[in-house]
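# Residue-level structural notes
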Amino acid sequence: MKLETIKNLQQLLSTPKNVVIIPHKNPDGDAMGSSLGWMHFLNKNNHTASVIVPNPYPKFLKWIPGDETVICFETNEDQALKRLEKAHVICTLDFNSLERIEVLGEYVRNHAATKIMIDHHREPQDYADIQFSEPEIGSTCELVYQIIESLSALEQIDNTIATCIYVGMLTDTGSFRFPSVTPKTHRIVAHLIERGANHAAIYNQIYNTSTMSRLQLLGQALSNLKIVPEYHTAFMTLSQEELKKFDFQKGDTEGFVNYALTIEGIKLAIIMIEDKSEQYVKLSLRSSGSFSVNEMAKKHFHGGGHINAAGGKHNGSIGETVQKLTSLLPQYQQALHTS
Ligand code: 5GP
Ligand code: MN
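Everything numeric in this text was worked out from a predicted model, so none of it was measured.

## Description of the domain arrangement of the protein
Annotation of the protein at the domain level lists domain 1 (3-207) and domain 2 (212-338). Contacts between the two partners involve 12 residues from domain 1, matched on the other side by 9 residues from domain 2. With both chains or domains summed, domain 1 and domain 2 bury close to 890 Å², and 50% of this area falls on carbon and sulfur atoms. For the pair domain 1 and domain 2, the number of links is 2 salt bridges. Two residues, Glu123 and Lys298, come together in a salt bridge whose shortest N-O distance is 2.4 Å.

Structural data, given as structure tokens:
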């Protein structure tokens, strides 16, 4: 983190500001935890901050402190735009290209407010006046903690802020098992627990609030699993028909793709889920080792992300998406073999 960037942030925040914080579309634990944690920190420092989400997020995140204050652009556009109008500062969290927030991105692009990016994805777009872009850090939540630390404000981390930050550090590290986890990650987590984050309760809220139909949907995804051993690849699909059959709720498919990666020898795992428009398929890609799913998602599926976790889209049916994927694999044979 550059000293100059911190100084610019410090200067900007030296007088009370009206701040809007926006996480990416389909917000996950890291997006919501970092946005709400940053909101509480700013509010504690005499700013007036609120979070606007592009669209709704899953039930397993609807308990994070401050959740009741979140404004949803998709379901409450008038209120969101009114709130946005008043902003002196717009912070975009856990993404780095305005396309990730779709229509809302145009409002941000054309807004006169000072823009701050706080993110840990690769290859940031150039829209922020103050840019924290740290792809080596495992979660945006960990980055928020490090920014608070650089502002010499760690003593302000209370139970509420600690809980928010813990959420994204937990979810974006696969419960602290990804290579992005460092000794510092654990030191931060230790401090968050000291400040009142209840790690056992947070884990339960996020991972142990499943439903019977969600587990049956997982069963369906697993029975659709295919392996392409020569390319160390495993993929699953879910059609709209299958999603409806098992009463799909937002967030239900979170984590499914990881099961494919648990098979011995598999280095690339993909889940393809038909969108409700039935016009395109959303892909979630995961890899182990050095194979970059970020590159693959960017080059072939209008997406991106990290080396080992990325997402994207393909216009067409599930069958067409599977065909596209299988036609791509030969060009990655070497990379998949050596990674
Ligand atoms: P997931 O597969 O869990 O939706 O996302 C995995 C990672 O890829 C996350 O870091 C997410 O932000 C990123 N990602 C998911 N979908 C997209 C996309 O359509 N475009 C880009 N640029 N990144 C994505
Ligand atoms: Mn993240």
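Having put the structure on the table, let's press on.
## Description of the pattern of salt bridges
Where charged atoms from two side chains of opposite charge come close, those side chains can pair. In the structure shown here, the tally under the stated rule is 7 salt bridges. The shortest N-O distance in the salt bridge between Asp158 and Lys44 comes to 3.0 Å. Taken together, the residues Asp158 in the loop between helix H5 (140-150) and helix H6 (159-171) and Lys44 in helix H2 (residues 29-44) connect sequence positions 114 residues apart. For Asp158, a relative accessible area of 27% puts it in the partly exposed group. Counted as one network, the salt bridges with shared partners bring together Lys25, Glu102 and Lys313.

## Notes on helix H13 (residues 318-328)
The complete set of buried residues in H13 reads Ile318, Thr321, Val322, Leu325 and Leu328. Down the axis of H13, the buried set is contained in an arc of 125 degrees. They therefore lie on one face. What points out from H13, more than 90 degrees from its buried face, is the exposed set Gln323 and Ser327.

## Structural notes on the site of ligand 1
By nearness alone, 13 residues border ligand 1, and Arg100, His121, Lys282, Ser284 and Arg286 come closest of all. Measuring from an oxygen atom of ligand 1, one finds a side-chain N or O atom of Arg100 at 3.1 Å. Within the contact set of ligand 1, an oxygen atom lies 2.8 Å away from a side-chain nitrogen or oxygen of His121. Its free accessible area being 500 Å², ligand 1 has 79% of it covered by the protein chains. Where the shell around ligand 1 is concerned, the elements lending two or more residues are strand E10 (280-287), strand E11 (304-305) and strand E12 (309-315). The element contributing the most residues to the shell around ligand 1 is E12, with 4 residues. Across the shell around ligand 1, the residue classes tally to 2 nonpolar, 8 polar and 3 charged.

## Examining the environment of Pro330
Relative to the helices and strands, Pro330 resides in the loop between H13 and helix H14 (333-338). When its relative accessible area of 43% is taken as the criterion, Pro330 is described as partly exposed. Along the primary structure Pro330 and Tyr231 are separated by 99 residues, whereas in three dimensions their C-alpha atoms are 7.6 Å apart.

## Quick look at the sheet that holds E11
Overall, mixed pairing links the 6 strands, which are arranged E7-E8-E9-E10-E12-E11 in an open sheet. Pairing within the sheet leaves two strands with one partner each, and these edge strands are strand E7 (226-228) and E11. Bridge analysis of strand E9 (residues 268-274) against E10 gives 7 bridges, and the strand direction is antiparallel. Note that in E10 the partner of Met272 across the bridge is Leu283.

## Digging into the side chain of Asp252
Tracing the backbone through its elements, the reader meets Asp252 in the loop between helix H10 (240-245) and helix H11 (256-261). The buried charged residue Asp252 lacks any salt bridge partner; its closest oppositely charged side chain belongs to Arg214, at an N-O distance of 4.5 Å. When residues no more than four places from it in sequence are discounted, the contact partners of Asp252 are Arg214, Leu217 and Asp247.

Reading the values: the criteria
- Residues numbered from 1 in each chain as written.
- Chains lettered and ligands numbered in written order.
- Predicted model: local features only at pLDDT ≥ 70, side-chain atom pairs only at ≥ 80, totals over all residues.
- Heavy atoms only, no water.
- Domains from an automatic or database assignment.
- Contact = heavy atoms within 4.5 Å.
- Buried area = accessible area lost by both parts, 1.4 Å probe.
- Salt bridge = Lys/Arg side-chain N within 4 Å of Asp/Glu carboxyl O.
- Helix = DSSP H or I, 4+ residues; strand = E, 2+ residues; numbered from the N terminus.
- Buried < 20%, exposed > 50% of the residue type's maximum accessible area, 1.4 Å probe, protein only.
- Arc of directions from axis to C-beta.
- Near = heavy atom within 4 Å.
- Polar contact = N/O pair within 3.5 Å; in protein donor to acceptor, adjacent residues only side chain to side chain.
- Areas by Shrake-Rupley, 256 points an atom, 1.4 Å probe, with all protein chains shown as cover.
- Nonpolar A, V, L, I, M, F, W, Y, C, P; charged D, E, K, R; others polar.
- Pairing = 2+ DSSP bridges.
- Lys, Arg positive; Asp, Glu negative; His and termini not counted.

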